Every structure is written in C-alpha cells, then in structure tokens.
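# Observations on the three-dimensional arrangement
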Amino acid sequence: MAAAEEPLLYERVARMVEAQISSGALRGNERIPSVRSMSRTAKVSISTVVQAYLHLENIGLIEARPQSGFYVRPPARAAVPPPRPKVSRSRRPSSIATETLDTCREALARPDVLQLNGAFTSPTLYPNQRLNNLIREVLRDHPAHAGECLLPPGHEELRRQVAKRMTFAGAPADPAHVVITSGTMDAITLSLQVLCKAGDTVLVESPTYFGVLQVVEYLGLKVVEVPNHTSTGIDVDAVRNIARSTRLAAAVLMPNFNNPTGSVTPDDAKREIVSILTAAEVPIIEDDIYGDLHYGNVRPSSLRAYDDAGLVISCGSVSKTIALGYRIGWAVSPQFCTDIARAKFFSSVACPTLQQLVLARYYASGGYDRYLRRVRTTLAANSQSAVDAIVRYFPPGTRVSRPIGGIVLWIELPAGVDGAELFRTALASRIGIAPGLVFSAKADYRNYIRISCGMLWTATIERAIEKLGRLVAGMAKAA
C-alpha cells in the first residue's frame, strides 16, 4: 500500500513547489527549501522529496547547483538568442575607442556610478578577513619587509604555489618557469615586449579585452583579428587562414571566458589552435585570468595543456579571484621565462614584497578551492539574474550571451541602437556600462555593450537594468 501511494506523495510535494513558483513566492534564481527542510515541512521522507525535486528538474522548473542546492530555473532564457560575431578587417585601435576609454576609466573612479562597467567581482566576495590576518602574520615574521626587494622572477614560494595551481588547468608547471608580475596585463605587456618589435603583427580575437588593444597600439604593433563566437569561442578556421597568409610575431588569446563574450573555446579547438600556430612558429600569449571562475565542476584547460613546443605563455593573476588591489599576477613559460624576468627587472624592477608574502601564505594555508566554490555559486546566480532581467526589460531584437563562467555579459542591442550613445546616456543616470566599440581594433561592435555580473545581485541592480532596457527601447523606437 505504501509503495502504491509513494508517487502521490512526491507529486504532492512537487505541486507545493510549483504553486509557489506560479504565485511568484519563489522567483527565478531563488533557492527552494532544502531536501531536509521540505521533508520536515511536508512530513514525507527525504527520498520522496528527492524524487519530487528530480521530477521538477526534469520538467525544467528547477535546477541543481553544485554544493548549493536546488534553485528555481530562470524563465524564458531561450527567448533571447546569443550575440552574433562580426568579421572585419583589422588595423590599429582607432582614436575614438581611446577617447571613449578615457571616459570609461573616469566612470570607474566615480563613487556615485553603479559599476556595471567593471569586469571584477564585488569587494565583499574577496577573502578580506583571511588576508588581513595573514598580513598581520607577515608583519610579525618580516618586520623589515619594506626593505626587502624580491627581484624577478619573484618570491619562490608564491611561484611554487602558482605552478601547483596550473595542474588544475591540465598544464603542470615548474616553479622555475613562473615569473611574478604586476597583474595579468603586466604579464601580457612584458610578453609582447619580449616577442615583438614595432611594426610586427599580432593575432587577436574579435571582440577582445580593450586593454590588449591599447597595449598593442602603445607598442606600435599591428593587429589582425579572428572572430570569437559566444557559443564556440575562437574561430579555428580563421586562425588557420591567418597563419597561412600573414607573418605573425605573436598571438594574444583568451580561450577561457573571453572578455567580453564569455565564451569558452572547446578542448579540441584549443588543441588545433596550438597546433596551427606552433607549426607556423608563432608564440601564443594566453590570458587565463578568468579560468578559475567556471560555474561548473571542472576548470577549463589551459592552452599550455596542448603545447609540446614551449610556445605558450600562460598569464593570470589574483585580481578577479582573491585581491583586485594587490596587483599580483604571473607569466608561465619554459622557453621565455628568463626573457620575461629580465624585461620585468628593466621595466619596473620588482613586484611589491608584502603582497607576494601574503599570497604565498594564503595559497599554502589551504581553503582556496572551498572559497572559490562559494564565489562561483554567487557569480553563476548573478549571471542568471542579469540574463533574466535583460530578457524581462530589454526590447525585441536584443541578444545576450549565456556564459558558463567569468564575470561579464555581452549584449547585442537592436539594430540602430548605438552602444556609445547608450553608454553616455546611462552614465548621465549614474549607471556604468562598457560600450562595444572599445573591444575592437577598428571601433566595431557599435550596437553592443558589456555589463558586469560580478556585483552582488540587488534590487538596485535590477532597477538599473530595467532603466537600461527603457533607454534601449526608446533608442530603438527612434532609430
């Protein structure tokens, strides 16, 4: 008798949750009662609740999130398609992008602006208390640290910890091949200085992080672009065609959670890209700053995992994960580490001592992966909430990325809507966004914007996205 009634019991539990979702008591991205809590509330067994939740998951009403529980699945996410890639001829970054970047930089410094324009996590997510405790330990053990200069390649224990972390990306490293830098952009800049001379051509993605384009312009280099698709990452065929037709000094690629598209290049494509560029003897500078911020259970692989020739320089930092203000990063390369360390010494002598000592202890003390799981869960929820809000408030013709990691969303606006104009109008309302044109070597992507999902989701952020949606709708109507 009990066995015959069991399906009715799980259906009753399922209907309880469905009713809460239908009434709005439970909204998209909200956590539903835990299995044990629901078992007590509904006065049924834990196995009955599990069966009910699996049923709700199978029909698409809820979803399980690792180490976190069950959440209401965001509605209608498929109603808005992903942004489309563009294919354009490349040249140096144009002056209009530089002018807009100046305004973007000023907006980031304004305390009165809601920072949806920065690709960083909320300061409250960083392990601030743990770092502060470690600072006190270091000050006690190294009272003369201000007089200590850790020359390149940097603090030995920190380099050992970075090398150990590379294993999770499928690319174990020798600590001797790690050079500590002042953040990821410093690592990329030093690598370009080592590999290139003025007038050389560098392969980049389109779109790509605007900082890469600014460094390329500053160093007097030329760029050639290959598309980055939000769903499939770097275009392998385009890389192959460029490698055959163009003399390249280097490639700067972000295969894991590209900024701004959020895409991940699949492993087979990564392997092929490394093979193509290695055959052409083109060194690859990999920007892997977001690699640890995957929403799933497995970290995406580094390009170094497929590098047998030693031509990949993998760059990263703690800026997006542990401490934005520490400005500590690294470049990992068996072939170019000595040259990069030499370039670091001649350009800025060394990285700050205190931060290196603190970070070495932080990594060695354990707990980093447990901390990362909490951050990933928060970022995944933030991303889904932002996508839901865009679906809800932006007009037809909008397209938005659905990344499985990282901190940003890439939005294609309806035809005729200028992202730069939206940027200026939103800024007047104290809402910061990044206009798409700064992510292209020729100020392309004019009807695109990038927004951050790194801040903790609040009603204020939802209202800001609603405001952006109204602005876009008005511009689309006027176009």
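First things first, this report covers the structure right here in the doc. What you are looking at is a predicted structure, and each value in this text was computed from that prediction instead of being measured. (Residues numbered from 1 in each chain as written. Predicted model: local features only at pLDDT ≥ 70, side-chain atom pairs only at ≥ 80, totals over all residues. Heavy atoms only, no water.)

### Things to note about the sheet that holds strand β7 (residues 233–234)
If you walk across this open sheet you meet the eight strands as β4-β11-β10-β9-β8-β5-β6-β7, and the pairing is mixed. Each edge of the open sheet carries a strand with a single partner, namely β4 (178–181) and β7. With four bridges connecting them, β4 and strand β11 (residues 329–332) associate as antiparallel partners. By the bridge assignment, valine 179 is partnered in β11 with alanine 331. Along the sheet, helix α11 (residues 337–348) makes contact with β4, β10 (312–317) and β11, crossing β4 at roughly 25 degrees. (Pairing = 2+ DSSP bridges. Helix = DSSP H or I, 4+ residues; strand = E, 2+ residues; numbered from the N terminus. Contact = heavy atoms within 4.5 Å. Axes fitted to C-alpha atoms, helices over the stretch in contact; angles between N-to-C directions.)

### Regarding a nonpolar patch on the surface
On the surface, a cluster of nonpolar side chains totalling about 400 Å² of accessible area is made up of Leu151, Phe345, Phe346 and Val349. Considering the arrangement of structural elements, one finds phenylalanine 345 in helix α11. Judged by its relative accessible area of 37%, phenylalanine 345 falls in the partly exposed class. (Patch = residues over 30% accessible without salt bridge, like charges linked within 9 Å, V, L, I, M, F, W, Y side chains within 5 Å. Areas by Shrake-Rupley, 256 points an atom, 1.4 Å probe, with all protein chains shown as cover. Salt bridge = Lys/Arg side-chain N within 4 Å of Asp/Glu carboxyl O. Buried < 20%, exposed > 50% of the residue type's maximum accessible area, 1.4 Å probe, protein only.)

### Examining helix α13 (residues 368–393)
Across its 26 residues, α13 extends 37 Å between first and last C-alpha, which sits within 8% of the 38 Å expected from 1.5 Å per residue. Within α13, 19 of the 26 residues are buried, which leaves the element mostly enclosed by the surrounding structure. (Expected span 1.5 Å × (residues − 1).)

### Some points on the pairing of strand β13 (residues 408–412)
Most of β13 sits inside the fold, with five of its five residues counted as buried. Of the two faces of β13, the one holding Val408, Trp410 and Glu412 and the one holding Leu409 and Ile411 are both buried throughout. Note that strand β12 (residues 399–400) and β13 share two bridges and pair antiparallel. From the neighbouring strand, arginine 399 faces β13, where its bridge partner is glutamate 412. Of the pairings in the sheet, the one linking β13 to strand β16 (residues 448–452) comprises five bridges and is antiparallel in character. In the strand pairing of β16, valine 408 is matched with serine 452.

### Considering the packing of aromatic side chains
All chains considered together, the criterion is met by 12 aromatic pairs. Between phenylalanine 210 and phenylalanine 439, the ring centres sit 5.5 Å apart and the planes meet at 55 degrees, which makes this aromatic pair tilted. A residue pair is termed long-range when its members are at least 10 positions apart, and phenylalanine 210 in helix α8 (residues 210–218) and phenylalanine 439 in the loop between β15 (434–435) and β16 qualify at 229 residues. Just as phenylalanine 210 is buried, phenylalanine 439 falls in that class too. On the numbers, 5.1 Å between centres and 25 degrees between planes, the contact of tryptophan 410 with tyrosine 448 is stacked. With tryptophan 410 in strand β13 and tyrosine 448 in strand β16, this residue pair connects regions lying 38 residues apart in the sequence. Just as tryptophan 410 is buried, tyrosine 448 falls in that class too. In this structure an aromatic cluster arises from ring pairing among Tyr209, Phe210, Trp410, Phe439, Tyr445 and Tyr448. (Phe/Tyr/Trp six-rings, centres within 6.5 Å; stacked < 30°, edge-to-face > 60°.)

### Considerations on the side chain of asparagine 447
Here asparagine 447 shows up in the loop between β15 and β16. The residues contacting asparagine 447, other than those within four sequence positions of it, are Lys86, Ile411, Glu412, Leu413, Pro414, Val417 and Gly419.

### Observations regarding the environment of valine 17
Here valine 17 is to be found in helix α1 (residues 2–23). For valine 17, a relative accessible area of 0% corresponds to the buried category.

### Side note on the pattern of salt bridges
In total, this model carries 21 salt bridges according to the counting rule given. Notably, a salt bridge pairs arginine 430 with aspartate 112, separated by 3.6 Å at the nearest N-O pair. Linking arginine 430 in the loop between α14 (419–428) and β14 (431–432) with aspartate 112 in the loop between α4 (95–108) and β3 (114–115), this pair joins segments that are 318 residues apart in sequence. The shortest N-O distance in the salt bridge between arginine 299 and aspartate 292 comes to 2.9 Å. Note on accessibility: arginine 299 and aspartate 292 belong to one class, buried. Here the salt bridges share partners, and the residues they tie into one network are Glu137, Arg140, Asp141 and Arg361.

That is the geometry; function is a separate question.
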